[in-house]
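Descriptive structure summary
Letter by letter, the chains look like this.
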Amino acid sequence: MRIINTMLRNLTYYALLAVWYLLSLLPLRVLYVLSDFFYLLLAYVVKYRKRTILSNISSAFPEKTSDEHRAIVRKFYSAFCDYIVETIKLMTMSRKQMMRRMRFDGMEEINQILAEGQSVALYLSHTFNWEWISSVPLWVPDEVVCGEIYHPLENEIFDRLFLKVRQKNMAHGVAMNDTLRKIAQWKSEKRTYVMGYLSDQKPHWHNIHHWVDFLNHDTPVLTGAERIAKATNEAVAYGDIYRERRGHYVCTIKLMTREVKDIPNWEVTDWYYKELEKTIRRQPEMWLWSHKRWKRTREEFNRRFKVENGKVVDRE
């Protein structure tokens, strides 16, 4: 039975891979027609997570009017649908096309750091189109290895599909729980690396060690990237993504420090969220609003948990 299930999963995977590949052969201008159709479907028929999206945007920007909130929602749906077709296209995009459509500014300084033998922790975010950030290996020397931390999807088949696409440009997908092992491997091989951290995710209750003022909310945040950077003496930078026009993005790399060990705890995380908020306020429709980012509150945390010896434990 196990063999049959494995065969069925593999058949499903390769069937979906073939469909994805064939769709990716379509020119982007055709895929954007599909995106416009998806937009009408999601925004006006399905109304995909509309209540959550509108609630998040309204609470993040209380200074804006209701009409402005709804305008951001509409633009978000459009950007989200573009994200879908652009991710489809990623599978067969050439190196030349990828570098023309996803540009990295500020890489001269980063490449100098790498040439001097220091690795880099690159803070990223769920700003469209973060999937194209996997093309960063095209902008660093060939001997530098690039990794991107990801949270494996619950669906094994889709997890394999996305991992294959994300690694198309030689970026290494690194499961969150394998981060330290992978870094230790690269260090043992004496390789410099750029490790990308999508650090704007909601932490589990037992991983909450710090809170920040972010988009008008008291927000629990992940601190793993900062702790790893300090443990491994990585330089710290932030990837500020901006969409110049449809299908054309620029990621400006902003260096924070090369001496992260000298910075007090959580200041790197605070800096990241301040930079991220600037990114979001510039183009609010480009951030992923469709999840309940502020579901966990400090009041509930203090009621249910306590910190003992640096660890979050349940209150008895």
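These lines cover the structure that appears in this document, whether it is placed above or below. (Residues numbered from 1 in each chain as written. Predicted model: local features only at pLDDT ≥ 70, side-chain atom pairs only at ≥ 80, totals over all residues. Heavy atoms only, no water.)

On the surface, Phe37, Leu40, Leu41, Tyr44, Val45 and Val46 cluster together into a nonpolar patch covering about 590 Å² of accessible area. Its location among the elements puts Val46 in helix 2 (residues 28-46). (Patch = residues over 30% accessible without salt bridge, like charges linked within 9 Å, V, L, I, M, F, W, Y side chains within 5 Å. Areas by Shrake-Rupley, 256 points an atom, 1.4 Å probe, with all protein chains shown as cover. Salt bridge = Lys/Arg side-chain N within 4 Å of Asp/Glu carboxyl O. Helix = DSSP H or I, 4+ residues; strand = E, 2+ residues; numbered from the N terminus.)

Let us now look at the pairing of strand 5 (residues 193-198). Most of strand 5 sits out of view: six of its six residues are buried. Every second residue of strand 5 is oriented toward a common face, with Tyr193, Met195 and Tyr197 on one face and Val194, Gly196 and Leu198 on the other, all of them buried. The pairing of strand 2 (residues 120-124) with strand 5 spans five bridges and is parallel. The partner of Val120 across the bridge, within strand 5, is Val194. Looking at chain direction, strand 3 (residues 145-150) and strand 5 are connected through four bridges and run parallel. Residue Cys146 lies in a different strand from strand 5, and its bridge partner there is Val194. (Buried < 20%, exposed > 50% of the residue type's maximum accessible area, 1.4 Å probe, protein only. Pairing = 2+ DSSP bridges.)

This part covers unusual backbone geometry. Cis geometry is found at the peptide bond from Phe128 to Asn129, where omega equals -5°. Considering the arrangement of structural elements, one finds Asn129 in the loop between strand 2 and strand 3. The backbone of Lys47 sits at a positive phi, close to 55°, despite the residue not being glycine. As for its position among the elements, Lys47 is in the loop between helix 2 and helix 3 (50-60). For Lys47, a relative accessible area of 46% corresponds to the partly exposed category.

Moving on, we come to the environment of Ile280. For Ile280, the location among the structural elements is in helix 10 (residues 267-282). C-alpha of Ile280 to C-alpha of Ile110: the two residues are 170 residues apart in sequence and 24 Å apart in space. Those residues in contact with Ile280 that lie beyond four places of it in its chain are Phe61, Phe214, Leu215, Trp287 and Trp289. (Contact = heavy atoms within 4.5 Å.)

In this fold, Gln97 is placed in helix 5 (residues 95-101). What makes Gln97 buried here is its relative accessible area of 17%. When residues no more than four places from it in sequence are discounted, the contact partners of Gln97 are Leu28 and Lys89.

Moving on: the sheet that holds strand 9 (residues 248-257). Across the sheet, seven strands lie side by side as 1-9-8-2-5-3-4; this open sheet has mixed pairing. The open sheet terminates on both sides in strands that have one partner only, identified here as strand 1 (102-105) and strand 4 (172-175). On average, each strand axis in the sheet is inclined to that of its neighbour by 30°, with strand direction left out of account. Where helix 8 (residues 179-188) meets the sheet, it contacts strand 3, strand 4 and strand 5, and its direction lies at approximately 170° from that of strand 5. (Axes fitted to C-alpha atoms, helices over the stretch in contact; angles between N-to-C directions.)

The full count for this structure, using the stated rule, is 20 salt bridges. When the shortest N-O distance is used, the salt bridge between Glu275 and Lys254 registers 3.3 Å. Here Glu275, found in helix 10, pairs with Lys254, found in strand 9; they are 21 residues apart in sequence, far enough to count as distant. Three or more residues joined by partner-sharing salt bridges are found here, namely Asp240, Lys254, Glu275, Lys278 and Arg282.

This brings us to helix 10. Compared with an ideal rise of 1.5 Å per residue, which puts 16 residues at 22 Å, helix 10 spans 23 Å between its outermost C-alpha atoms and is within 8% of the ideal. Among the residues of helix 10, Val268, Thr269, Trp271, Tyr272, Tyr273, Glu275, Leu276, Glu277, Thr279 and Ile280 are the ones counted as buried. The secondary structure elements touched by the buried residues of helix 10 are strand 2, strand 6 (211-214), helix 9 (224-232), strand 8 (235-245) and strand 9. (Expected span 1.5 Å × (residues − 1).)

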